[in-house]
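What follows is the residue order along each chain.
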Amino acid sequence: MYDFKIAAADKAAMYRDLASALEGLVAGEPDAIANMANAAGLIWETLPDLNWAGFYRNVGGELVLGPFQGRPACIRIPFGTGVCGAAAATLKVQRVDDVHAFDGHITCDAASVSELVVPIVRDGKLIAVLDLDSPTAARFDADDEAGCVAFGTILARVL
Ligand code: SME
């Protein structure tokens, strides 16, 4: 078991430590599922106030559930549907303060209130999305977005 104990004083430092832990976990490992599984575990153990953290993979133009932590979730999401589907269709980060106000939001876990979805893109093509859900409204700020984008950039090389 890896034990990273990330407890940095501020959020930027915490995300730097998270990125460096991820770099260590994926170094030399080419298996995408293994890397997504460890990435989901690392986020789940490190970031407070989440009720779901994981991946949907681009499988033939449809999002299909990948490794995650949290309650069992919906398996397939069409591009353009819900928060994850919006990120997949636009290749743009979706940071949603209140998912109930997001047109087409897919309720997988009724506890989810805010959501951050980061598209993971390599050579202009979507590989997967990283999806974080929180039971707290507006849980994710610009620093969380920047930290998770950096996290996704590392993963893009190894998925
Ligand atoms: N709420 C997401 C679906 C995935 S679950 O939150 C794990 C959405 O609207 O895309």
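About the thresholds
Residues numbered from 1 in each chain as written. Predicted model: local features only at pLDDT ≥ 70, side-chain atom pairs only at ≥ 80, totals over all residues. Heavy atoms only, no water. Helix = DSSP H or I, 4+ residues; strand = E, 2+ residues; numbered from the N terminus. Rg over C-alpha atoms; globule rule 2.2 N^0.38 Å. Buried < 20%, exposed > 50% of the residue type's maximum accessible area, 1.4 Å probe, protein only. Areas by Shrake-Rupley, 256 points an atom, 1.4 Å probe, with all protein chains shown as cover. Lys, Arg positive; Asp, Glu negative; His and termini not counted. Charge placed at Lys NZ, Arg CZ, Asp CG, Glu CD. Salt bridge = Lys/Arg side-chain N within 4 Å of Asp/Glu carboxyl O. Pairing = 2+ DSSP bridges. Core = buried A, V, L, I, M, F, W, Y, C linked by side-chain atoms within 4.5 Å. Contact = heavy atoms within 4.5 Å. Near = heavy atom within 4 Å. Polar contact = N/O pair within 3.5 Å; in protein donor to acceptor, adjacent residues only side chain to side chain. Nonpolar A, V, L, I, M, F, W, Y, C, P; charged D, E, K, R; others polar.

Please explain the overall build of the protein as it appears in this structure.
A tally of helices and strands in the protein yields 4 helices and 6 strands. Mapped from its N terminus to its C terminus, the protein presents α and β elements in the order α-α-β-β-β-α-β-β-β-α. Against the globule reference of 15 Å for 159 residues, the protein gives a C-alpha radius of gyration of 14 Å, in line with a compact fold. C-alpha extents for the protein along the principal axes are approximately 35 × 35 × 25 Å. Going through the 159 residues of the protein one by one, you find that 47% of them count as buried. Total accessible area on the protein is roughly 7600 Å²; 53% of this is exposed by carbon and sulfur atoms. For the protein, the distance from the average site of its 12 positive side-chain charges to the average site of its 21 negative ones is 5 Å.

Can you help me understand the pattern of salt bridges in this one?
Side-chain pairs of opposite charge can arise where the charged atoms are in close proximity. Counted under the stated rule, the structure contains 7 salt bridges. Because the salt bridges share partners, they merge into one network encompassing K11, R139, D141 and D144.

Before we go on, may I ask you to explain the pairing of strand β5 (residues 114–122) in this structure?
Residues in a regular strand project their side chains so that they alternate between the two faces of the sheet. Counting buried residues along β5, 7 of its 9 residues qualify, which places the element largely inside the surrounding structure. Bridge analysis of strand β4 (residues 94–96) against β5 gives 3 bridges, and the strand direction is antiparallel. Among the inter-strand pairings, Q94 is bridged to a residue of β5, identified as V117.

How should I be thinking about the pairing of strand β6 (residues 125–134) in this particular structure?
Burial within β6 is extensive, with 9 of its 10 residues counted as buried. Both β5 and β6 contribute to a ladder of 9 bridges, which runs antiparallel. Counterpart to R122 in the pairing with β6 is K125. Between β5 and β6, which pair antiparallel and follow one another directly, the connecting turn spans 2 residues, one of which, D123, has a positive phi of 50 degrees.

How should the nonpolar core be read in this particular structure?
A general trend in soluble globular proteins is that nonpolar side chains are found buried together. By size, the foremost hydrophobic cluster in this structure holds 33 residues, and its most contacted members are I43, L130, L132, F151 and L155. Among the elements of the structure, α1 (11–26), α2 (32–46), β1 (52–58), β5, β6 and α4 (142–156) are those that each provide at least two residues to this core. Sequence-distant contacts of L132, defined by excluding residues within four places in its chain, comprise I43, L47, L50, W52, A53, S114, E115, L116, F140 and C148. If you look at the next biggest cluster of nonpolar residues, it comprises 15 residues, including L63, A73, I77 and V117.

I would appreciate a short explanation of helix α3 (residues 82–90) in the present structure.
Helical geometry: 3.6 residues make up each α-helical turn, so side chains three or four residues apart lie on a common side. Across the 9 residues that make up α3, a large majority, 7, are buried. Among the residues of α3, those classed as buried are G82, V83, C84, G85, A86, A87 and A88. In the segment just after α3, L91 is the residue with positive phi, at about 60 degrees.

Whenever I open this one, the site of the ligand confuses me. Can you help?
Of all residues adjacent to the ligand, which total 13 residues, the nearest are V83, C84, I106, E115 and D133. C84 is positioned with one of its backbone polar atoms (N or O) 2.8 Å from an oxygen atom of the ligand. Between the ligand and D131 there is a distance of 3.5 Å, counted from an oxygen atom to a side-chain nitrogen or oxygen. Within the complex, 99% of the 300 Å² of free accessible area of the ligand lies under protein. Those elements that place two or more of their residues in the shell around the ligand are β1, α3 and β6. The biggest single contributor to the shell around the ligand is α3, with 3 residues. Residue composition of the shell around the ligand, by class: 8 nonpolar, 2 polar and 3 charged.

The analysis is restricted to geometry; functional conclusions fall outside its scope.
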